[in-house]
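Observations on chain architecture
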Amino acid sequence: MDFSTHHHHHSTNSPSSSSTSSSTPHPMTAGTTTNSGGDQDPMQSWWESVSKARSRILSLSSIVSSTSSFCLSSLADSDRPALSLLSSPEAYSLLSTSLSSPSSGSGSDPLCHWLYDTYLSSDSHLRLIVLSFLPLVSSIYLSRVHSNDTSSIPSLAGFEAVILAIYTAEAKSRAGKALLVHIPDLSQPSLYHVPRDKAPIRDSKSAGIGVLSPPLEPQIAVKSTKRASILGTAFECYYKHISHMPTWSKLEFCKSTAVWAGQDCYCQSKLDFDGIVDIDDFVDKMGNLGIIEQNGKTDMEVKGVRIPLPWELLQPALRILGHCLLGPLNSQDVKDMASVAVKCLYARASHDLIPQAIIGTRSLIQLDKRERAAAKATAAATANSSSNANTPSKAKKPEILLVSK
């Protein structure tokens, strides 16, 4: 089964590897389907959602081989099968092994077909499953695109179809509009402050408006010149749903961004700017998390491939890392991995002299330090209070009151 023949309404031409800037239209231009009709009975809508999820899981179980200790099809028996698959670490292990195989990502990869077709579903929970694998898919895809040995890399049309599906759905939801951000003007009074110096009143409609993301253009192929913007848009879609992403997905993203920074941008002798990064602690964490292979502090090799990091790709990545670093409901593992990733990107930004990235990563490092210092202070205060409560106090002597006659 090939992407070019999976849907007979599309072209039968297969795209070339994404390491080139070929303009050949992608055989599977992404689209979305929506429910037609008016209001539906809630029970009927729930049952249709469950039936659809069970069907997709059973289809997936026929693609990915289960192990002796875990059967993927067993998740279909759950009352909420899509969410069960989303939160299953065993399912993630099976799918990640399949996606990481040397032959994965081609136009005939059945797992890429499954991810593509599942994302075209109108069911929001099924879409979350595909989004949760975006960090892994993008990591493998980018590492192969930027590999030094491109002769042995198979076609990546399968990975590109999944990424384009997410991009096209996001472009459709924006309806050709740019993402704007309103920047507060501190020279004008607000509910929270009064400026020291009076400034002329500006037009409130035009002042302090920045473009976070320009309007999205339709894309039918992942060209080398558009790759960063397409992946960046997919990451923005991931960020919108990040509160629903499982821990393993966030860990995968943090680890991938740390690897993308590359070993030649480690800048060991210059990383400890103003003491914001403890170099020994940083190296130890990278070794413990499996990001580097270390033979002493000065002999290190980063696992993975260093990739170009333009701002259109780096900006949404920093927003995701900011959530992973400071989100109160995230596990400590996610926060630790995000801390390492931000420091790697800080070193890369300092090496490449990218002002926006330097400011962004430096700010996140400072916020991380404050959060950890506050957590230590709270833990110390709690321990001190607990020890005082458990320490027996000496019995007080009875007070003697002297009364004058």
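Residues numbered from 1 in each chain as written. Predicted model: local features only at pLDDT ≥ 70, side-chain atom pairs only at ≥ 80, totals over all residues. Heavy atoms only, no water.

By the naming in an unreviewed UniProt entry, the protein chain is Hyccin, taken from Acer negundo. Taken verbatim from the UniProt record of the protein chain, the Sequence similarities (unreviewed entry) comment is "Belongs to the Hyccin family." (UniProt positions renumbered as here; feature names shortened; annotations may be inferred.)

Secondary structure summary: the protein chain contains 14 helices and four strands in total. The 405 residues of the protein chain split such that 41% are buried. For the protein chain, contacts bridging at least 24 residues in sequence account for 72% of all contacts bridging at least 6. Total accessible area on the protein chain is roughly 22,100 Å²; 54% of this is exposed by carbon and sulfur atoms. (Helix = DSSP H or I, 4+ residues; strand = E, 2+ residues; numbered from the N terminus. Buried < 20%, exposed > 50% of the residue type's maximum accessible area, 1.4 Å probe, protein only. Contact = heavy atoms within 4.5 Å. Areas by Shrake-Rupley, 256 points an atom, 1.4 Å probe, with all protein chains shown as cover.)

Right, let's talk about the pattern of salt bridges for a bit. One pass over the full model with this rule turns up eight salt bridges. Where Asp336 meets Arg372, a salt bridge forms, and the shortest distance between an N and an O atom there is 3.0 Å. Of this pair, Asp336 sits in helix H13 (residues 332-352) while Arg372 sits in helix H14 (residues 355-390), placing them 36 residues apart in sequence. Residue classification places Arg372 among the partly exposed residues on the basis of a relative accessible area of 25%. Put simply, Glu170, Arg174, Glu236 and Lys240 are held in one network by salt bridges that share partners. (Salt bridge = Lys/Arg side-chain N within 4 Å of Asp/Glu carboxyl O.)

Right, let's get into helix H10 (residues 247-261). When the terminal C-alpha atoms of H10 are compared, their 22 Å separation across 15 residues agrees well with the 21 Å that a helix rising 1.5 Å per residue should span. Burial within H10 is extensive, with twelve of its 15 residues counted as buried. Those residues of H10 not exposed but buried are Trp248, Ser249, Lys250, Glu252, Phe253, Cys254, Ser256, Thr257, Ala258, Val259, Trp260 and Ala261. Phi turns positive, to about 90°, at Gly262, one or two residues after H10. (Expected span 1.5 Å × (residues − 1).)

Let's shift gears to the packing of aromatic side chains. One pass over the structure, following the stated rule, counts six aromatic pairs. By the ring-pair criterion, three or more aromatic residues cluster together here, those being Phe235, Tyr238, Phe253 and Trp260. It is Arg127 that lies over the ring of Tyr119; its NZ or CZ is 4.7 Å from the centre. (Phe/Tyr/Trp six-rings, centres within 6.5 Å; stacked < 30°, edge-to-face > 60°. Lys NZ or Arg CZ within 6 Å of the ring centre and 35° of its normal.)

Positive phi is not limited to glycine here, since Ala175 has a value of about 55°. On the secondary structure map, Ala175 appears in the loop between helix H8 (157-174) and strand E1 (179-182). The class for Ala175 is exposed, based on a relative accessible area of 57%.

Contact pair helix H7 (residues 134-145) / H8: the axes reach a minimum separation of 10 Å and the direction vectors enclose 130°. Judged by the angle between their axes, H7 and H8 are oblique. As for how H7 packs across H8, the hand of that crossing is left-handed. Only Phe159, Glu160, Ile163 and Ile166 of H8 make contact with H7, whose side of the interface consists of Leu134, Val137, Ile140, Tyr141 and Arg144. Tallied by class, the residues present in the contact of H7 with H8 amount to seven nonpolar, no polar and two charged. (Axes fitted to C-alpha atoms, helices over the stretch in contact; angles between N-to-C directions. Parallel < 35°, antiparallel > 145°, perpendicular 65-115°, else oblique. Left-handed = near helix turned anticlockwise from the far one by under 90°. Nonpolar A, V, L, I, M, F, W, Y, C, P; charged D, E, K, R; others polar.)

A few words now on H7. Given a rise of 1.5 Å per residue, twelve residues ought to cover 16 Å, and the 16 Å separating the end C-alpha atoms of H7 matches this to within 8%. Burial of H7 is extensive: eleven of the twelve residues sit out of reach of the surface. For H7, the full list of buried residues reads Leu134, Pro135, Leu136, Val137, Ser138, Ser139, Ile140, Tyr141, Leu142, Arg144 and Val145. Of the surrounding secondary structure, the elements contacted by the buried residues of H7 are helix H4 (89-99), helix H5 (110-119), helix H6 (124-132), H8, helix H9 (227-240) and H10.

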